[in-house]
Amino acid sequence: MTNEADNWHQLARYDTNMQGELHANLLRNNGVTVSLQPLSAIPGMNSGIVLWVEKTDLAQAQHILQSVNNDGADGASLLAQMSDAELGISNDTSSSQAISDSSTMNKGGTL
């Protein structure tokens, strides 16, 4: 049995889950293995999050986060810089198109 807990290091702690998840996605997109630890066991609670990285990725992860912080990027600007694919947002427009089509179907007609 290996002692894997010793291979993980706390990288950063964020006050909001969104901020932590944005930074975690940034790290993942740069090849860093990240583990997220929510600070609340209640789903949907926005109580903050801790990022953990493996020892082998620690220096790279610190460098990436420092470069983001030095650029003055906060969560909103980081969010604006990331694409929908990086954020895990699908561009499936078929359901929104169906809603749009049904809303225009019976306008101005007589029954």
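Here's what I pulled together on the structure shown here. Only a predicted model underlies this, so the values are computations on that prediction, with no experimental measurement involved. (Residues numbered from 1 in each chain as written. Predicted model: local features only at pLDDT ≥ 70, side-chain atom pairs only at ≥ 80, totals over all residues. Heavy atoms only, no water.)

### Some words on the overall build of the chain
Link 1 in the chain: Assigned secondary structure in the chain consists of five helices and three strands.
Link 2 in the chain: Listing every helix and strand of the chain by position from the N terminus yields β-α-β-β-α-α-α-α.
Link 3 in the chain: In the chain, buried positions account for 26% of the 111 residues.
Link 4 in the chain: Of all intrachain contacts in the chain linking residues separated by at least 6 positions in sequence, the fraction that spans at least 24 positions is 69%.
Link 5 in the chain: Surface accessibility of the chain: about 7900 Å² in total, with carbon and sulfur atoms responsible for 50%. (Helix = DSSP H or I, 4+ residues; strand = E, 2+ residues; numbered from the N terminus. Buried < 20%, exposed > 50% of the residue type's maximum accessible area, 1.4 Å probe, protein only. Contact = heavy atoms within 4.5 Å. Areas by Shrake-Rupley, 256 points an atom, 1.4 Å probe, with all protein chains shown as cover.)

### Some remarks on the environment of Thr-56
Link 1 in the chain: Checked against the element boundaries, Thr-56 lands in the loop between strand S3 (49-54) and helix H2 (58-70).
Link 2 in the chain: Given a relative accessible area of 73%, Thr-56 falls into the exposed group.
Link 3 in the chain: Separated by 24 residues in sequence, Thr-56 and Val-32 have C-alpha atoms that sit 9.1 Å apart.

### Remarks on the nonpolar core
Link 1 in the chain: Counting 16 residues, the largest nonpolar core has Leu-11, Leu-27, Val-32, Val-34, Leu-51 and Val-53 as its most contacted members.
Link 2 in the chain: Breaking this core down by element, the ones donating at least two residues are strand S1 (8-14), helix H1 (17-29), S3 and H2.
Link 3 in the chain: Among the elements that line this core, the one with the most residues is H2, at five residues. (Core = buried A, V, L, I, M, F, W, Y, C linked by side-chain atoms within 4.5 Å.)

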